Amino acid sequence: MQTGKALARLGPDVGAVFADRGQLEQVVTNLVMNAREAMPAGGSLTLETGRADIAAGEVPELAPGPYATLAVTDVGLGMDEATLARVFEPFFTTKERGSGLGLSTVYGIVKQSGGHVAVTSAPGAGSRFTLWLPAAEGEG
């Protein structure tokens, strides 16, 4: 039986983003399902939200400005460099059963929304997916 715990660390003034609500729900669902599958014996999952003011060149894939952030961290199996290099490719999967579309969908939705997604991981050390989405200043 799989056991585990989930922890949410929600930033106080994250604000709104210009993105489709249903698509953002799909992003969170896909990241959480991916984390669950990376922890077959259970473990902990942490979701964190916050704000970041990105300076020029700080995250090369992003324009300078305010962003809402979401990080999903697990203590699962982790990934090696070869897997990390392909993790967002459509139809790439390390599972016996799976479409390989979950993380590529995350990537596509985040990019379509003007944001960026990055992942850090190592075998046996879990994974952390960090998303930046442009803040909708004055919205909320």
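Cut-off values and rules
Residues numbered from 1 in each chain as written. Predicted model: local features only at pLDDT ≥ 70, side-chain atom pairs only at ≥ 80, totals over all residues. Heavy atoms only, no water. Helix = DSSP H or I, 4+ residues; strand = E, 2+ residues; numbered from the N terminus. Contact = heavy atoms within 4.5 Å. Buried < 20%, exposed > 50% of the residue type's maximum accessible area, 1.4 Å probe, protein only. Pairing = 2+ DSSP bridges. Right-handed = clockwise from strand over helix to strand, strands pointing away. Polar contact = N/O pair within 3.5 Å; in protein donor to acceptor, adjacent residues only side chain to side chain.

Q: Quick question: what am I supposed to make of the environment of T105 here?
A: With respect to the helices and strands, T105 occurs in helix 3 (residues 102-112). As a C-alpha pair, T105 and V27 span 78 residues in sequence and 7.4 Å in three-dimensional space. Apart from the residues within four sequence positions on either side, T105 is in contact with Q26 and N30.

Q: Is there a simple way to explain the environment of Q26 in this structure?
A: As for its position among the elements, Q26 is in helix 1 (residues 21-37). As for Q26 and A41, which are separated by 15 residues in sequence, their C-alpha atoms are 25 Å apart. Discounting residues that sit within four places of it in the chain, Q26 has contacts with T105 and I109.

Q: Looking at this structure, how should I read helix 3?
A: Those residues of helix 3 not exposed but buried are L103, S104, V106, I109 and V110. Of the residues flanking the end of helix 3, it is G114, one or two places downstream, whose phi is positive at about 85 degrees.

Q: Is there a simple way to think about unusual backbone geometry in this case?
A: Trans peptide bonds make up the majority, and among non-glycine residues the majority have a negative phi. Even without being a glycine, F91 presents a positive backbone phi close to 70 degrees. Within the element layout of this structure, F91 appears in the loop between helix 2 (81-86) and helix 3.

Q: Is there a simple way to explain the pairing of strand 1 (residues 4-10) in this structure?
A: Two faces belong to every sheet, and in a regular strand the side chains alternate between them. Taking burial as the measure, the 7 residues of strand 1 include 0 buried ones, a minor fraction of the element. Where strand 1 lies against strand 2 (residues 43-54), 7 bridges are found, and the strand directions are parallel. Bridging from a neighbouring strand, L10 pairs with T49 of strand 2. In this fold, the crossover linking strand 1 to strand 2 by way of helix 1 has left-handed handedness.

Q: How should the side chain of H116 be read in this particular structure?
A: Relative to the assigned elements, H116 resides in strand 4 (residues 116-121). Classification of H116 as buried rests on a relative accessible area of 9%. Looking at H116, its side chain comes within polar contact range of the side chain of K111, at 3.2 Å. Discounting residues that sit within four places of it in the chain, H116 has contacts with V59, E61, L62, V110, K111, T130, L131 and W132.

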